[in-house]
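Overview (structure and organization)
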Amino acid sequence: MKTVLFIHGFSAKMEDNIYLLEYLEKKKNIRIKTFTLPGHTEHGVEKITYDKWIKKAEEELLETLKETKKVILIGHSMGGAIATILAAKYPQVEKLILIAPAFTVGSLIQNREDIKDVVLRKKHPFGTGFEGVLRKLFTVPFSDLKEVRKIATLANSILVQVKCPILLLHGTIDQVVPISSSIEIYAKIKGEKQFTILTDVRHQVFKSEKKEEIAKYIYTYIVGGIHFKLRRKEHI
């Protein structure tokens, strides 16, 4: 039985990753756990500091480790950065799966004004799912975006300390966290690693047309062994 702890991203809602969570929940050989980061409500994100996000995630990890000796961490967006920080600290993390991890968040702040015209005029050239992400940028406290940057900076500095195997997945048309960010951090990873590029996939990975294939691929990686070696891919 594999135990998996999933960490969501900044301003994310359960529905953003529900497909993956339900997919893994149906597997008899996997126990999936998740939680809500502090400050995240049904109506948005409240003003908060980054250390409270890390503290909550660490508490959930330690609680999980009371029931099992090893845990696999999955993190999406900012959750990927938080998962990296925990993996660097706790050797009980068996594997680390990073989905569009937010190791670069400067664009979230810099592009806030650049994309305002797109949102306000209700022009949607980017496709389903992206508009919701853009709107979040105008409904969360600006100070919180700075806290996300602090998380990213810490994760970047601590990445080299991660000893467990890492699976990195990132969409080629992610306008929230550019794929160039993952290309850069992949080069810094010292241990066992796999980078799989998600062609024509945006930041909300599990709202894409490839969500089933991606979920299956992640499951295969969790199971590991010959199952993944035979199915590992450079692109999906």
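Residues numbered from 1 in each chain as written. Predicted model: local features only at pLDDT ≥ 70, side-chain atom pairs only at ≥ 80, totals over all residues. Heavy atoms only, no water.

Some thoughts on the pattern of salt bridges
- Evaluated as defined, the whole model comprises eleven salt bridges.
- Glu213 is the salt-bridge partner of Lys233, the closest N and O atoms lying 3.1 Å from each other. Here Lys233, found in the segment after helix 10 (226-229), pairs with Glu213, found in helix 9 (residues 211-223); they are 20 residues apart in sequence, far enough to count as distant.
- A single network of salt bridges, built from pairs that share partners, joins Glu15, Asp16 and Lys207. (Salt bridge = Lys/Arg side-chain N within 4 Å of Asp/Glu carboxyl O. Helix = DSSP H or I, 4+ residues; strand = E, 2+ residues; numbered from the N terminus.)

Section: helix 9
- Over its 13 residues, helix 9 runs 18 Å from end to end, which matches the ideal 18 Å to within 8%, given 1.5 Å per residue.
- Taken together, the buried positions of helix 9 are occupied by Ile214, Ala215, Tyr217, Ile218, Tyr219, Thr220, Tyr221 and Ile222.
- At the C-terminal side of helix 9, Gly224 shows a positive phi close to 75°. (Expected span 1.5 Å × (residues − 1). Buried < 20%, exposed > 50% of the residue type's maximum accessible area, 1.4 Å probe, protein only.)

Considering the packing of aromatic side chains
- Enumeration over the complete set of coordinates arrives at five aromatic pairs.
- Note on Tyr186 and Phe195: the rings are 5.3 Å apart at their centroids and 35° apart in plane angle, and the pair reads as tilted.
- Seen in terms of ring centroids, Tyr217 and Phe228 are 5.4 Å apart; in terms of plane orientation they differ by 55°. Their pairing is tilted. One end of the pair, Tyr217, is in helix 9; the other, Phe228, is in helix 10, and eleven residues separate them in sequence.
- Tyr217 sits in the buried class, given a relative accessible area of 4%.
- Assessed through its relative accessible area of 6%, Phe228 is described here as buried.
- Linked through ring pairs, Tyr217, Tyr221 and Phe228 together constitute an aromatic cluster. (Phe/Tyr/Trp six-rings, centres within 6.5 Å; stacked < 30°, edge-to-face > 60°.)

Quick look at the pairing of strand 8 (residues 193-198)
- Sheet topology places strand 7 (residues 166-171) next to strand 8; six bridges connect them, and they run parallel. Bridge pairing links Gly171 to Leu198 in strand 8.
- Handedness of the crossover joining strand 7 and strand 8 through helix 8 (residues 179-188): right-handed. (Pairing = 2+ DSSP bridges. Right-handed = clockwise from strand over helix to strand, strands pointing away.)

A few points about the environment of Leu198
- Within the secondary structure, Leu198 sits in strand 8.
- Residues contacting Leu198, with those up to four places away along its chain left out, are Leu169, His170, Gly171, Thr172, Val205, Ile214 and Ile236. (Contact = heavy atoms within 4.5 Å.)

So yeah, pure geometry; function would need other evidence.
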